[in-house]
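# Observations on the three-dimensional arrangement
For reference, the chains in residue letters:
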Amino acid sequence: MTQPAPRNPTRTVRAGPVRIGGGAPIAVQSMCATHTQDVDATAEQARGLAAAGADLVRVAVDSARDAAALRELRERVDVALVVDLQEHYRLASEVAPWVDKLRYNPGHLHHHERKRTIEDKVAGLAAIAGEHQCALRVGVNCGSVAPEYDSRFPGDSVGAMVACALDHCELLDRIGFSDFVVSLKDSDPAKVIDANKRFALERPDVPLHLGVTEAGLLPDGEIKTRIAFEQLLAQGIGDTIRVSLTLPNDRKHEEVEIGHRILEDVQHGRFRSVPELSGLNIISCPSCSRVENEAFVDLAQKVRDLTRYASEHDVTIAVMGCRVNGPGETDDADLGLWCGPRHVNLKRGTEKLGAFGYEEVLDRVRTELDALIQRRS
Ligand code: SF4
């Protein structure tokens, strides 16, 4: 029986009652998919995730109304709360008093306040986090790497992610802020392994949050996640994990249960995944408060069922829940779908094919997939 290697000697970062890194038990986290400003639904889901064993629960904040909901949410749930700021980093000062950790995405700091430098924005976030005893996560994501890294590392998305994360660590070091963790996520488990190994070599002191983004539907979503987590955790890399699955709201707790199962399996040397995946690859996001139509989860399942006949073909289809991240996150797929309130947008590679009704789009996906297979053969 293979035993995992000793954990990397990361420093300890505190997010409220939760210790991340420094030899603390690996924290399991998840994210609410409810609308954050619907406090009843979000509190219920956060409590459900905590009951399933989540140490931290993340919520998205995209507006002042979302931010305002956090005060009440804080009063109604006990679990450590994390806010996902994405491009709304300017709301940090409004949310920080009510949460334990802030996630910012270095790739989303350039959209607003274009005259302000990235250094200044990061310093502002660190000051707010410090004032309210919040931890930070530098959350680098394959679908939204800051443009300057894309141009510095053409064709090397992993190199771009790692360089971006290292630069932000250096920025925070210079500011004198050390309560931060880093994540480097991609939908391809091989890239997640590569990126985290490269980063951990350079910065073994920084705690890592592991995740395969948009791992998609079960069972494939768990398999992809296991491939990455088993390899990394077995090498002592990883201090907190999030399993990202496309699940209906009443089954979100399964992300947490699967996370715990993976940790237990690795702890006991039980490795269940094979490191290579081939054939049809359906990527789909875990959904969050940005989803505008709950039919998204159903759509992802229908796309999977409709395309089973092509399981032997190396084709990637991405199904994303929203118009915010959908266009970027589908860039690397052969066919990409992202959902609006009434329509689903479809593209082939980077070429937009139009917006279709939720049922209507399925026929077009089938037509496009057939044509793609035909062209390749
Ligand atoms: S793609 Fe949109 S809906 Fe899906 S998890 Fe990302 S932000 Fe949320």
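Source: prediction; values computed, not measured. (Residues numbered from 1 in each chain as written. Predicted model: local features only at pLDDT ≥ 70, side-chain atom pairs only at ≥ 80, totals over all residues.)

## Brief notes about the overall build of the chain
In terms of regular secondary structure, the chain is built from twelve helices and 15 strands. In terms of overall size, the chain behaves like a compact globule, its C-alpha atoms giving a radius of gyration of 20 Å where 377 residues would be expected to give roughly 21 Å. The C-alpha extent of the chain, read off along each of the three principal axes, is 55 × 50 × 45 Å. Out of the 377 residues in the chain, the part that is buried amounts to 51%. (Helix = DSSP H or I, 4+ residues; strand = E, 2+ residues; numbered from the N terminus. Rg over C-alpha atoms; globule rule 2.2 N^0.38 Å. Buried ≥ 20, exposed ≤ 12 C-beta atoms within 10 Å, placed from the backbone.)

## Considerations on the domain arrangement of the chain
Domain annotation of the chain identifies domain 1 (13–267) and domain 2 (281–376). Placing a centre on the C-alpha atoms of domain 1 and another on those of domain 2 gives a separation of 25 Å. Residue-level contacts link 21 residues of domain 1 with 18 residues of domain 2. A class-by-class count of the residues in the side of domain 1 that touches domain 2 yields nine nonpolar, nine polar and three charged. (Domains from an automatic or database assignment. Contact = placed C-beta atoms within 7 Å. Nonpolar A, V, L, I, M, F, W, Y, C, P; charged D, E, K, R; others polar.)

## Observations regarding the nonpolar core
The biggest cluster of nonpolar side chains holds 116 residues, and the ones touching the most others in it are Leu 102, Leu 136 and Met 161. Two domains each provide a minimum of three residues to this core, namely domain 1 (13–267) and domain 2 (281–376). If we skip the residues at most four places from it in the chain, Met 161 touches Val 140, Cys 142, Val 145, Leu 184 and Ala 195. (Core = buried A, V, L, I, M, F, W, Y, C linked by C-beta atoms within 7 Å.)

## Re the sheet that holds strand β12 (residues 316–320)
Here we have five strands laid out as an open sheet, ordered β11-β12-β13-β14-β15, and mixed in their pairing. Looking at the sheet topology across the chains shown, the edges are occupied by β11 (281–284) and β15 (351–357). Each strand axis lies, on average, 15° off the axis of its neighbour in the sheet, ignoring direction. Examined bridge by bridge, β12 and strand β13 (residues 335–339) share four bridges and lie parallel to one another. Each residue of the ladder has a partner; that of Ala 318, found in β13, is Gly 336. (Pairing = 2+ DSSP bridges. Axes fitted to C-alpha atoms, helices over the stretch in contact; angles between N-to-C directions.)

## A short note on the packing of helix α6 (residues 157–175) against helix α7 (residues 189–202)
Two elements in contact, α6 and α7, have axes whose closest approach is 9 Å; the angle formed by their N-to-C orientations is 35°. Of the two elements, α6 crosses α7, and the hand of that crossing is right-handed. Counting all contacts with α6, which are made through Ser 157, Val 158, Met 161, Val 162, Ala 165 and Leu 166, the residues of α7 involved are Lys 191, Asp 194, Ala 195, Arg 198, Phe 199 and Glu 202. Among the residues forming the contact of α6 with α7, the class breakdown is seven nonpolar, one polar and four charged. (Left-handed = near helix turned anticlockwise from the far one by under 90°.)

## Topic: the site of the ligand
The environment of the ligand is formed by 13 residues, the closest being Cys 285, Cys 288, Gly 321, Cys 322 and Asn 325. Its residues assigned to classes, the shell around the ligand comprises seven nonpolar, four polar and two charged. (Near = placed C-beta within 6 Å.)

## Quick word on the packing of helix α1 (residues 39–51) against helix α2 (residues 64–76)
Closest axis-to-axis distance for the α1/α2 pair is 10 Å, and the angle between their directions is 40°. Taken together, the axes of α1 and α2 lie oblique to each other. Helix-helix and strand crossings are classified by hand; for α1 and α2 the assignment is right-handed. Residue-level inspection shows Val 39, Thr 42 and Ala 43 of α1 in contact with α2, the latter providing Ala 69, Glu 72, Leu 73 and Arg 76. (Parallel < 35°, antiparallel > 145°, perpendicular 65-115°, else oblique.)

## So, the environment of Ala 24
With respect to the element layout, Ala 24 can be found in the loop between β2 (18–20) and β3 (27–31). Ala 24 sits 343 residues away from Thr 367 along the chain, and the two C-alpha atoms are 51 Å apart. Sequence-distant contacts of Ala 24, that is, excluding residues within four places in its chain, are made with Thr 12 and Arg 19.

## Things to note about unusual backbone geometry
Geometrically, the link from Leu 218 to Pro 219 is a cis peptide bond, its omega value of 5° lying close to zero. With respect to the helices and strands, the residue Pro 219 is situated in the loop between β9 (208–211) and α8 (220–234). For Gln 133, which is not glycine, the phi dihedral falls at a positive 50°. Following the sequence through the fold, Gln 133 ends up in the loop between α4 (118–131) and β7 (135–141). Positive phi values are uncommon outside glycine, yet Ser 287 reaches one of about 70°. Within the secondary structure layout, Ser 287 lies in the loop between β11 and α10 (295–306). Of the residues examined, Ser 287 has 26 C-beta atoms within 10 Å and is grouped as buried.

## So, the sheet that holds strand β5 (residues 80–84)
As summarised here, the arrangement of the eight strands in space is β3-β4-β5-β6-β7-β8-β9-β10, forming a closed barrel in which the pairing is parallel. Each strand of the sheet is rotated relative to its neighbour by a mean of 25°, with strand direction disregarded. Bridge analysis of β3 against strand β10 (residues 240–242) gives three bridges, and the strand direction is parallel. Directly across from Gln 29, in β10, lies its bridge partner Arg 242. Running over the sheet, α4 touches β6 (101–104) and β7 and is turned about 145° from β7. Sitting on the sheet, α6 touches β7 and β8 (180–185), and the angle it makes with β8 is about 170°.

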